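Breakdown of the fold
So you can see what is in the structure, the chains are spelled out below.
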Amino acid sequence: MNCELCHKEFDAWHKDRLTPERRDQVDSHIKTCSECNEYYRVQILIDRVIAVEKELQVNPYLSARVMTEIENR
Amino acid sequence: MTDNEIISSVLQGNPNNYRYLVEKYQQMVFRTCIGFVHNKDDADDLSQDIFIQAYQALPRFKGDSAFSTWLYRIAVNASLNKIRKSTLKNILQRIENFTGKRNEHETFVSVSTGEDPENMLIRQEQIEAVRQALDALPENQRTAIILSKYDDLSQKEIAEIMNNTEGAVEALLQRAKKNLRDKLSGKRKNN
């Protein structure tokens, strides 16, 4: 496992889509490589912050507001 | 009814049918907007503007791409225009806040070898640091990362929206991730 491959595997690792063998390889690498450990921590942080924003729901009256605006034009 | 059938119906004098398109795509548009503005009220207002813009532009929709792709393009352009119009005062204030808290952020995000990344906790300062790092990306990187992370689109779909190649989008995403890592770990490398 090298750093470039480790970076590319992040999404699959985070979504638990790696084979057990590959996951072990990634886990071993990020335990010993400070740069990749940091890369994974930052990517996880970004994904968690985005996940919070993605939970927000659009205003339930949006379509009514849009249609009213269109009718008034 | 398909999207194209709804569009035909609207253009043939049934504007009320536009409501079906709004209801189908409102969460998609809102999610893109929230990626750019990080504020629910602003994202709601921006989403409303985008659907009105799309309605007005509907006669020019040729069906060369899916309606959703066309709508994404309008949403991205409107979002970029919105953030460009932010006042200079607001931008300066955010930069000041970001640089003023940089050491604090570094403490939260920096790692020691052997730590388990999955066990990190999020703090409010980290949330703000991530938002500011996203906002500081060049527009094309920011657009690509928002469409990827907020909208879960494939590189192929992003390439179509951005009128670019898949290879170019892959490169944009890689540069964006590197820039985010550099910014959030306190490094000074850019672009």
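Predicted model, so just to flag it, every value in this text is computed and none were measured.

Parameters and conventions
- Residues numbered from 1 in each chain as written.
- Chains lettered and ligands numbered in written order.
- Predicted model: local features only at pLDDT ≥ 70, side-chain atom pairs only at ≥ 80, totals over all residues.
- Heavy atoms only, no water.
- Axes fitted to C-alpha atoms, helices over the stretch in contact; angles between N-to-C directions.
- Helix = DSSP H or I, 4+ residues; strand = E, 2+ residues; numbered from the N terminus.
- Parallel < 35°, antiparallel > 145°, perpendicular 65-115°, else oblique.
- Left-handed = near helix turned anticlockwise from the far one by under 90°.
- Contact = heavy atoms within 4.5 Å.
- Buried < 20%, exposed > 50% of the residue type's maximum accessible area, 1.4 Å probe, protein only.
- Core = buried A, V, L, I, M, F, W, Y, C linked by side-chain atoms within 4.5 Å.
- Phe/Tyr/Trp six-rings, centres within 6.5 Å; stacked < 30°, edge-to-face > 60°.
- Nonpolar A, V, L, I, M, F, W, Y, C, P; charged D, E, K, R; others polar.
- Salt bridge = Lys/Arg side-chain N within 4 Å of Asp/Glu carboxyl O.
- pLDDT = per-residue confidence, 0-100.
- 1 Å grid on protein atoms, 1.4 Å probe; cavity = no way out; pocket = protein on both sides within 12 Å on 5 of 7 lines; lining within 4 Å.
- Points joined across faces, edges and corners; volume = space filled by probe spheres on them.

1. Thoughts on the packing of helix 4 (residues 67-84) of chain B against helix 8 (residues 139-149) of chain B
Residue and element names in this part refer to chain B. The contact between helix 4 and helix 8 brings their axes to 12 Å, and the two run at 130 degrees. Put simply, helix 4 runs oblique to helix 8. Regarding helix 4 and helix 8, the two cross each other, and that crossing is right-handed. Contacts from Tyr-72, Val-76, Leu-80, Ile-83 and Arg-84 in helix 4 reach Glu-139, Arg-142, Thr-143 and Leu-147 in helix 8.

2. A few points about the side chain of Asp47(A)
Along the chain, Asp47(A) turns up in helix 4 (residues 34-54). Among the residues examined, Asp47(A) registers a relative accessible area of 17% and is labelled buried. For Asp47(A), the residues in contact, after removing those within four places along its chain, are Phe10(A), His14(A) and Lys149(B).

3. Remarks on the nonpolar core
Within soluble globular proteins, side chains that are nonpolar generally end up buried alongside one another. The biggest cluster of nonpolar side chains holds 65 residues, and the ones touching the most others in it are Tyr18(B), Ile50(B), Phe51(B), Phe67(B) and Leu71(B). Among the elements that take part in this core, helix 2 (residues 18-37) of chain B stands out by supplying 11 residues, more than any other. Not counting chain neighbours up to four residues away, the residues in contact with Ile50(B) comprise Val29(B), Cys33(B), Leu71(B), Ile74(B), Ala75(B) and Ala78(B). Counting 11 residues, the second-largest nonpolar core is a separate cluster that includes Cys6(A), Cys33(A), Cys36(A) and Tyr40(A).

4. Observations regarding the packing of aromatic side chains
A complete count under the given rule lists 9 aromatic pairs over all chains for this structure. Look at Phe67(B) and Trp70(B): their rings are 5.7 Å apart centre to centre, the planes differ by 40 degrees, and that puts the pair in the tilted class. Taken together, the residues Phe67(B) and Trp70(B), both in helix 4 and 3 residues apart, mark about one turn of the helix. Taken together, the aromatic side chains of Phe10(A), Trp13(A), Tyr39(A) and Tyr40(A) make up a single cluster linked through ring pairs.

5. With respect to the packing of helix 5 (residues 62-71) of chain A against helix 2 of chain B
It is the contact of helix 5 of chain A with helix 2 of chain B, at a shortest axis distance of 9 Å, that shows an interaxial angle of 145 degrees. For the crossing formed where helix 5 of chain A meets helix 2 of chain B, the hand is right-handed. Taking contact as the criterion, the partners of Leu62(A), Ser63(A), Ala64(A), Val66(A), Met67(A) and Ile70(A) in helix 5 of chain A are, on helix 2 of chain B, Tyr18(B), Arg19(B), Val22(B), Glu23(B) and Gln26(B). Residues that form the contact of helix 5 of chain A with helix 2 of chain B fall into these classes: 7 nonpolar, 2 polar and 2 charged.

6. Concerning the pattern of salt bridges
Throughout the structure, instances matching the rule amount to 18 salt bridges over all chains. The salt bridge involving Asp45(B) is made with Arg65(A); its shortest N-O contact spans 3.2 Å. Taken together, the positions of Asp45(B) in helix 3 (residues 40-57) and Arg65(A) in helix 5 put the pair across two chains. Judged by its relative accessible area of 28%, Arg65(A) falls in the partly exposed class. Between Arg131(B) and Glu128(B) there is a salt bridge, with its nearest N and O atoms 4.0 Å apart.

7. Points about the confidence of the model for chain B
Confidence along chain B averages 85 in pLDDT terms, with 78% of residues attaining 70 or more. Here residues 101-114 of chain B is a poorly scored stretch, pLDDT under 50, and it has 31 contacts once near neighbours within four places are set aside; other chains count.

8. Digging into the layout of surface pockets
Space left empty within the atom packing is revealed by a probe, the size of a water molecule, rolled over the atoms. Looking at the largest pocket, its volume works out to about 750 Å³. Forming the boundary of the largest pocket are 24 residues, of which Asp11(A), Tyr39(A), Lys149(B), Leu173(B) and Lys177(B) lie nearest the centre. Listing elements by their share of the lining of the largest pocket, those giving two or more residues are helix 1 (3-8), helix 2 (10-14) and helix 4 of chain A together with helix 8 and helix 10 (166-184) of chain B. Looking at the lining of the largest pocket, the element that brings in the most residues is helix 10 of chain B, giving 6 residues. Taken together, the residues that form the lining of the largest pocket break down as 6 nonpolar, 6 polar and 12 charged.

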